[in-house]
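# Results of the structural survey
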Amino acid sequence: MERLRAIMDALTTADSVSVADLAAQHGVSEMTIRRDLDELAQQGVVRRIRGGAQSLLLRGEEPPFGVREHEAADAKRRIGAEVARLLADGEAVVLDGGTTALEVARAVHDRRLTVLPLSLQSVQELATAPRVRLVLPGGEVRPGELNITGPLTVNTIRGLRFDTAVIGCCGLSAEHGLTAHDLEDVAVKQAAIASARRVVVAADSHKFRQTAFAEVCAATGIDVLVTDERVPRDQHDALTAAGVTVRIAP
């Protein structure tokens, strides 16, 4: 939910947050804020202290999958559906991990495609897909996120050729390109991009607010960006000028 992310955003600029201040800021009861902080504590994001909480996330770490899954949920569903419309039946697709990529997996469930998913969530979603040829990579499973990473994953991808790579990100801008927090994820994304004829980035407009720790590729390495209607106009224009086709999910 948006309030959970707002609490985490507040913790990026302050050592701690108080229940009373958060309740006043968000117009909800202190009991509601306590429940929010308890949920974040269960996910390992914060440490509860008397009257509030402290962040446990280091610089360069992203919020847990379970928190991000609720952010911009409607936009992510629409983006997933729009990405699915870009894929032709019979294509071979490498599908990145992350919350938006999971919406793509849901949107292509009944399509005739060959898909190599890079997360266990998407593997589970597509395991019952009647016409999807599901190809699994080797590698290690990243705890919590459940992305498949490591040298085995990179080598699997390098040995294959895809029509389309559907890539997610932690940050995106015309200036800094596509960025991500986890270095092993970066290596996997780069291998997927190098092995694909076309690169489609699926990213909601929140991703334009931040630049993550490591660069995946420059903006010029993106063929199509599928995002929502809240994409900043200056970024839309700059990415278009860099040769990226920007599609707004209806």
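Attention in this report is confined to the structure presented alongside it. (Residues numbered from 1 in each chain as written. Predicted model: local features only at pLDDT ≥ 70, side-chain atom pairs only at ≥ 80, totals over all residues. Heavy atoms only, no water.)

## Side note on the sheet that holds strand β3 (residues 52–55)
Overall, antiparallel pairing links the 3 strands, which are arranged β1-β3-β2 in an open sheet. Two strands in the sheet have a free side with no partner beyond their single neighbour: β1 (16–18) and β2 (46–49). Across this sheet, the average inter-strand angle for adjacent strands is 25°, counted without regard to direction. Relative to β3, β2 runs antiparallel, the two sharing 4 bridges. Bridge pairing in β3 links Ile49 to Gly52. Those strands touched by helix α2 (residues 19–26) are β1 and β3, and its axis lies near 70° from that of β1. (Pairing = 2+ DSSP bridges. Helix = DSSP H or I, 4+ residues; strand = E, 2+ residues; numbered from the N terminus. Axes fitted to C-alpha atoms, helices over the stretch in contact; angles between N-to-C directions. Contact = heavy atoms within 4.5 Å.)

## Looking at the pattern of salt bridges
Per the counting criterion, the structure on display carries 15 salt bridges. Arg247 is paired through a salt bridge with Glu82; the nearest N and O atoms lie 2.7 Å apart. One end of the pair, Arg247, is in strand β15 (residues 245–248); the other, Glu82, is in helix α5 (residues 73–86), and 165 residues separate them in sequence. Two residues, Glu91 and Arg198, come together in a salt bridge whose shortest N-O distance is 3.3 Å. With Glu91 in the loop between α5 and β4 (92–95) and Arg198 in strand β12 (residues 196–202), the pair connects residues that are 107 residues apart, well separated along the chain. Among the residues examined, Glu91 registers a relative accessible area of 8% and is labelled buried. Its relative accessible area of 17% is what places Arg198 among the buried residues. Look at the salt bridges and you will find they share partners, linking Asp74, Arg78 and Glu229 into a network. (Salt bridge = Lys/Arg side-chain N within 4 Å of Asp/Glu carboxyl O. Buried < 20%, exposed > 50% of the residue type's maximum accessible area, 1.4 Å probe, protein only.)

## Side note on the side chain of Asp185
Within the element layout of this structure, Asp185 appears in helix α9 (residues 183–194). On the basis of relative accessible area, Asp185 is assigned to the buried category, the value being 8%. Here Asp185 is in contact with Arg142, Asn147 and Thr149, once residues within four sequence places are set aside.

So far we have only geometry, and geometry alone does not tell us how the molecule works.
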